[in-house]
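Below are the chains, spelled out letter by letter.
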Amino acid sequence: MMKTSKTKQILNIMKIICWVIFIGLCVQTGAIIISFIVSLFNNAEGAYSLYMKIYFTDLFKFSTWHYVMVVGFVIIIYSLKANMFYLAIKIFSKMSLVQPFSITISLLITKISYVALGIALVILTTDVHVTVLIRKGVNFPNLGTILDGASGYLLLGGIIFAIAQVYALGIEIQSENYLTV
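Residues numbered from 1 in each chain as written. Predicted model: local features only at pLDDT ≥ 70, side-chain atom pairs only at ≥ 80, totals over all residues. Heavy atoms only, no water.

Thoughts on the overall build of the protein
Working step 1: Across its full length, the protein holds six helices and zero strands.
Working step 2: For the protein, the succession of helices and strands along the chain, N to C, is α-α-α-α-α-α.
Working step 3: Out of the 181 residues belonging to the protein, those deemed buried represent 36%.
Working step 4: When contacts within the protein are restricted to residue pairs at least 6 apart in sequence, long-range pairs at least 24 apart make up 73% of them.
Working step 5: With an accessible surface of roughly 10,700 Å², the protein has 68% of that area assigned to carbon and sulfur atoms. (Helix = DSSP H or I, 4+ residues; strand = E, 2+ residues; numbered from the N terminus. Buried < 20%, exposed > 50% of the residue type's maximum accessible area, 1.4 Å probe, protein only. Contact = heavy atoms within 4.5 Å. Areas by Shrake-Rupley, 256 points an atom, 1.4 Å probe, with all protein chains shown as cover.)

As structure tokens, this is what we get:
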């Protein structure tokens, strides 16, 4: 009984941590979107320091179209990261220690793996686009912090997908046990 109580406490702490990260990512995503809109329609100098010291002045001067694409990719990356933590919050909210294996949790775990893989693909796509623009002479100071980690998200997505498959097997075994009792 003591172990169940400790596990429940750890799950609640993890849920709180996920909420904090989720809210932070939502705030960052919103700030980037607002800065982006202001830079497009109101003040072109807003591209100078879009958000988090990401400077897109050269890109904005080079091409508004490329500016929209790169910032759009950045917004998608932050949105997907927030979505991943929202799915984790849903897992911690729906998880039951009495009946730990459920189809709902299995689907959420699988969705997290797809989102992690999606983040990796968007980062890789953005990196390729930025590399082409750098060859054309566009300067991107401080963008590396956003574009780092594609391989980490690929690995994370693969590991979580494997866990989702094991979890689905656990659901099958659990349902077979209920049928035999």
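What follows picks up the thread again.
Some thoughts on the packing of aromatic side chains
Working step 1: The final tally for this structure, using the stated rule, is six aromatic pairs.
Working step 2: Ring plane angle 40° and centroid distance 5.6 Å describe the contact between F36 and Y67, whose orientation is recorded as tilted. Of this pair, F36 sits in helix α1 (residues 2-41) while Y67 sits in helix α3 (residues 64-94), and the two are 31 residues apart along the sequence. Of the two residues, F36 and Y67, both sit in the buried class.
Working step 3: Aromatic pair F101 and Y167: ring centres 4.9 Å apart, planes at 50°, arrangement tilted. (Phe/Tyr/Trp six-rings, centres within 6.5 Å; stacked < 30°, edge-to-face > 60°.)

Details of the side chain of S39
Working step 1: Mapped onto the secondary structure, S39 falls in helix α1.
Working step 2: Residue classification places S39 among the buried residues on the basis of a relative accessible area of 1%.
Working step 3: At a separation of 2.7 Å, a polar atom in the side chain of S39 contacts the main-chain carbonyl oxygen of F36. (Polar contact = N/O pair within 3.5 Å; in protein donor to acceptor, adjacent residues only side chain to side chain.)

Observations regarding α3
Working step 1: Under the 1.5 Å per step criterion, the end-to-end length of α3 is 44 Å for 31 residues, consistent within 8% with the ideal 45 Å.
Working step 2: Capping the start of α3, S63 holds a side-chain oxygen 3.3 Å from the backbone nitrogen of W65, two or three residues further along. (Expected span 1.5 Å × (residues − 1).)

Notes on helix α4 (residues 103-135)
Working step 1: Here α4 is 33 residues long and its end C-alpha atoms lie 48 Å apart, about the 48 Å a rise of 1.5 Å per residue gives.
Working step 2: The positive-phi residue at the C-terminal boundary of α4 is G137, with phi of around 100°.

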